[in-house]
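Spelled out from the first residue to the last, the chains are:
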Amino acid sequence: MLTHRINVLITSSRDASSRLRNFLNDLECVIPYSIKRNRGRSSIEDILFYCRKLNCRFILYVDSDKGNPHRILLYDAPQNKIRYEIKIKGVSTLSDFKIERKKIDKICIRNIECKEFIPFLIDLNLFNISSCGNFIDIIKKDEVCEIKFVNKFEKLVGPIIRAYDFNNYLYK
């Protein structure tokens, strides 16, 4: 049996709301080589240990505020450092549109108006350039960057994320 290396472990803050869990499920479907782990009562150290056991490169941690996704942190697991922080204004999940989730294996960047997201997308293996039936569009709307995952028929295949702030800690 052929198995792929897990690159990204997706998790959340403790006692995640159903909305946050739906968002994590959507992310797992669109991020190649990812796996979601319900945090439950596990500490960050437990999650980091599990990630290292799987030989993951990154932990994608989603924080919430009043049950809604509020912030995404991407940890570099081997170095135990935060690499990126995305502050979220709002999300729309596939459940909001009553769309069934399906795992997609390849996704390409189609439109990117918020260039600061490029290193983040590369680290998550979301920066393919050919042979895709699914796409990421990152469009600037007022002061918000809207990240949308769609197929070639313009149907949603993942969440819509409205981000208002992006921090790259890679070189700090």
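Look up a bit, the structure's there.
Residues numbered from 1 in each chain as written. Predicted model: local features only at pLDDT ≥ 70, side-chain atom pairs only at ≥ 80, totals over all residues. Heavy atoms only, no water.

Participant: Explain the side chain of N7 to me, and be specific about the residues and the numbers.
Facilitator: Mapped onto the elements, N7 comes out in the segment before β1 (8-12). Within the local environment of N7, its side chain forms a polar contact with the backbone oxygen of D123, the two atoms lying 3.4 Å apart. Once residues within four sequence positions are removed from consideration, N7 is found in contact with Y33, C56, R57, F58, D123 and N125. (Helix = DSSP H or I, 4+ residues; strand = E, 2+ residues; numbered from the N terminus. Polar contact = N/O pair within 3.5 Å; in protein donor to acceptor, adjacent residues only side chain to side chain. Contact = heavy atoms within 4.5 Å.)

Participant: Let's hear about the pairing of strand β7 (residues 134-141): which residues, and what values?
Facilitator: Here strand β6 (residues 108-112) pairs with β7 via four bridges, running parallel. Within β7, the residue paired with I109 across the bridge is I136. Linkage of β7 to strand β8 (residues 144-151), two consecutive antiparallel strands, is achieved through a turn of two residues, within which D142 is found at a positive phi near 55°. (Pairing = 2+ DSSP bridges.)

Participant: Tell me what's going on with the state of the cysteines, and back it up with residues and numbers.
Facilitator: Following the criterion strictly, the structure yields two disulfides and no others. Between C114 and C145 runs a disulfide, and the two sulfur atoms are separated by 2.0 Å. Taking the sign of the S-S torsion, about -100° here, the bridge from C114 to C145 comes out left-handed. On the criterion of sequence distance, the pair formed by C114 in the loop between β6 and α3 (118-123) and C145 in strand β8 is long-range, its members being 31 residues apart. Residue C114 shares its accessibility class with C145, and that shared class is buried. Each disulfide of the chain joins two cysteines, and with those cysteines numbered along the sequence the arrangement is 1-3, 2-4. In this structure C29 is a free cysteine whose sulfur lies 17 Å from that of C132, the closest cysteine sulfur available. For C29, a relative accessible area of 10% gives the class buried. (Disulfide = S-S within 2.5 Å. Buried < 20%, exposed > 50% of the residue type's maximum accessible area, 1.4 Å probe, protein only.)

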